[in-house]
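Architecture at a glance
Given next are the chains, with one letter for each unit.
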Amino acid sequence: MLRGTKKVPVSSKLPLDQILVGDCVEHMNALPENSVDLIFADPPYNLQLRGELHRPNNTRVDACDDAWDQFSSFAAYDRFTRAWLAAARRILKPDGAIWVIGSYHNVFRLGAALQDLDFWILNDVVWRKTNPMPNFRGKRFTNAHETLIWAGKTEAGKYTFNYEALKELNDGLQMRSDWVMPICSGGERLKNRAGEKAHPTQKPEALLHRVIVGTTNPGDVILDPFFGTGTTGAAARRLGRHFIGIERESDYIEVAQDRLARVVPYEADALKVTGSKRAEPRIPFGSLVERGLLRPGEELWSFNGRHKAKVRADGTLIAHDARGSIHQVGAALEGAPSCNGWTYWHFRRDGQPVPIDMLRQQVRSEMQE
């Protein structure tokens, strides 16, 4: 690069927040290499339907029998799959990742193609539907789930995973790989001008919310090569991410454009999520003493009120015969092999016990200003 010239960000060359009309492989091949943070793909399932499906009352089931879901053979479907996955891999950033969703009809073929193309599978997630369509013929189990595959571009890629945020979404418990949520229905189910179901396999926005919050950051670029009625774009826009949609069916594009025009993004402050504690700056207990937030000689109390210790000028504690760090003294007093001193020890303000971790968070916030 010549001296004095500025490097143009790759994102400035992308058609951000737009729907590209036409073939997904052609459009992805025209995009810059290593330019997209995440791909969410809901490709044709190749359902291989044979004839019409009817309910017990003889009413017809509006199943997915559109031309875009029909392939002449498994070999033809596999060629199509490898073509779009190869194009997707080229445009993913080195630390990018992809989500693909499918049913038993196609997900195993998708998984094999991902591995053949050197994607690194991170998880498979089972979306268990609380309100699945019944099996009207009564010859098989009710198909009550779909499978998502989450894969990194490479084995060594440092993909985004907001572990703590997903944990908070799950009431403080580690997020599992079985997700229970309803299918898209009711008011969320989009209609076309004729009042009919706009898309046979519209996904619930809740599903995309979890994917986006868990595996992207605000400002990231998410590409959906099978955009449909725009669920990925709607969720991305609400959550402060950019989207690129690719769709060839004009009826779906019309519905998606109307939908996106009504989306109101959430406030920027509301998009911040709980980060990894390991990524936060390390704050030594002694720095609280240096800053005068705690004074040498000040007493700290254990969370259960049974023990107390005095702060020393070098950031250690002394209590009876125990002296050392906040962790060492807490462990010694409790007769435990270890102790998290930040949550164990409390100081008093206005007669109320306050964990010393509050002071640590105060220092961290000051460092980030």
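Residues numbered from 1 in each chain as written. Predicted model: local features only at pLDDT ≥ 70, side-chain atom pairs only at ≥ 80, totals over all residues. Heavy atoms only, no water.

As recorded by an unreviewed UniProt entry, the protein chain carries the name Methyltransferase and is attributed to Paroceanicella profunda. Quoted verbatim from the Sequence similarities (unreviewed entry) field of UniProt, the annotation for the protein chain is "Belongs to the N(4)/N(6)-methyltransferase family." The UniProt entry for the protein chain carries the following text under Catalytic activity (unreviewed entry): "a 2'-deoxyadenosine in DNA + S-adenosyl-L-methionine = an N(6)-methyl-2'-deoxyadenosine in DNA + S-adenosyl-L-homocysteine + H(+)". (UniProt positions renumbered as here; feature names shortened; annotations may be inferred.)

On to the overall build of the protein chain. Secondary structure assignment for the protein chain yields 11 helices and 14 strands. Taking contacts inside the protein chain between residues at least 6 apart in sequence as the whole, the part at least 24 apart equals 67%. Carbon and sulfur atoms provide 49% of the accessible area of the protein chain, an area that totals close to 20600 Å². (Helix = DSSP H or I, 4+ residues; strand = E, 2+ residues; numbered from the N terminus. Contact = heavy atoms within 4.5 Å. Areas by Shrake-Rupley, 256 points an atom, 1.4 Å probe, with all protein chains shown as cover.)

The next subject is unusual backbone geometry. Among all residues save glycine, negative phi is the norm, and among peptide bonds the norm is trans. In this structure, Asp 17 is a non-glycine residue whose phi angle is positive, near 60 degrees. Mapped onto the elements of the fold, Asp 17 is located in the segment before β1 (18-21). The class of Asp 17 is partly exposed, set by a relative accessible area of 31%. Located in the positive-phi region is Asp 118, a residue other than glycine, with phi close to 75 degrees. Structurally, the position occupied by Asp 118 is in the loop between α3 (107-116) and β4 (120-129). Assessed through its relative accessible area of 54%, Asp 118 is described here as exposed. (Buried < 20%, exposed > 50% of the residue type's maximum accessible area, 1.4 Å probe, protein only.)

It is the contact of helix α5 (residues 205-215) with helix α6 (residues 231-238), at a shortest axis distance of 9 Å, that shows an interaxial angle of 55 degrees. On the basis of their axis angle, the class for α5 and α6 is oblique. As for the relative orientation of α5 and α6, their crossing is right-handed in sense. Of the residues in α6, those touching α5 at Glu 205, Leu 208, His 209 and Ile 212 are Thr 231, Thr 232, Ala 234, Ala 235, Ala 236 and Arg 238. In terms of residue class, the contact of α5 with α6 is made up of 5 nonpolar, 3 polar and 2 charged. (Axes fitted to C-alpha atoms, helices over the stretch in contact; angles between N-to-C directions. Parallel < 35°, antiparallel > 145°, perpendicular 65-115°, else oblique. Left-handed = near helix turned anticlockwise from the far one by under 90°. Nonpolar A, V, L, I, M, F, W, Y, C, P; charged D, E, K, R; others polar.)

Counted by the stated rule, this structure contains 12 aromatic pairs. With a centroid separation of 5.5 Å and an interplanar angle of 10 degrees, the aromatic rings of Trp 99 and Trp 150 are classed as stacked. Pair noted here: Trp 99 is in strand β3 (residues 92-102) and Trp 150 is in strand β5 (residues 145-152), with a separation of 51 residues, a long-range link. By relative accessible area, which is 3% here, Trp 99 ends up buried. (Phe/Tyr/Trp six-rings, centres within 6.5 Å; stacked < 30°, edge-to-face > 60°.)

Here we take up helix α9 (residues 326-334). Every buried residue of α9 is accounted for by Ile 326, Val 329, Gly 330, Ala 331 and Leu 333. Looking at the buried side of α9, the elements it contacts are α8 (285-290), β11 (317-319), β12 (322-324), α10 (341-344) and β13 (345-349).

For helix α7 (residues 250-261), built from 12 residues, the straight-helix expectation of 16 Å at 1.5 Å per residue is met to within 8% by its first-to-last C-alpha distance of 17 Å. Taken as a whole, α7 has its buried residues at Tyr 252, Ile 253, Val 255, Ala 256, Arg 259 and Leu 260. Buried residues along α7 cover an arc of 165 degrees about the axis, so they all sit on one side. Of the exposed residues in α7, those oriented more than 90 degrees away from the buried face are Ser 250, Asp 251 and Ala 261. In this structure, the buried residues of α7 make contact with β1, α5, α6 and β8 (242-247). (Expected span 1.5 Å × (residues − 1). Arc of directions from axis to C-beta.)

Glancing now at the packing of α6 against α7. At a minimum axis distance of 9 Å, the contact between α6 and α7 shows a crossing angle of 15 degrees. As far as their axial angle goes, α7 and α6 are roughly parallel. Taken as a pair, α6 and α7 cross one another with a handedness that is right-handed. Contact residues: α6 offers Thr 231, Gly 233, Ala 234 and Arg 237, while α7 offers Arg 259, Leu 260 and Ala 261.

Looking now at the sheet that holds β11. The strand order across the open sheet formed by 6 strands is β12-β11-β10-β9-β13-β14, and the pairing between neighbours is antiparallel. In this open sheet, the two strands that pair with only one neighbour each are β12 and β14 (352-355). Within this sheet the neighbouring strands show an average axis-to-axis angle of 35 degrees, counted without direction. Pairing of strand β9 (residues 299-302) with strand β10 (residues 308-311), which is carried by 3 bridges, proceeds in the antiparallel orientation. If you follow Glu 299 over to β10, its bridge partner there is Lys 310. (Pairing = 2+ DSSP bridges.)

A few words on the side chain of Ser 35. With respect to the helices, strands and loops of the structure, Ser 35 is situated in the loop between α1 (24-30) and β2 (36-41). At 2.7 Å, the side chain of Ser 35 forms a polar contact with the backbone oxygen of Pro 32. (Polar contact = N/O pair within 3.5 Å; in protein donor to acceptor, adjacent residues only side chain to side chain.)

Together, Tyr 159, Phe 161 and Tyr 163 make up an exposed nonpolar region whose accessible area comes to about 270 Å². For Tyr 163, the location among the structural elements is in helix α4 (residues 163-169). By relative accessible area, which is 30% here, Tyr 163 ends up partly exposed. (Patch = residues over 30% accessible without salt bridge, like charges linked within 9 Å, V, L, I, M, F, W, Y side chains within 5 Å. Salt bridge = Lys/Arg side-chain N within 4 Å of Asp/Glu carboxyl O.)

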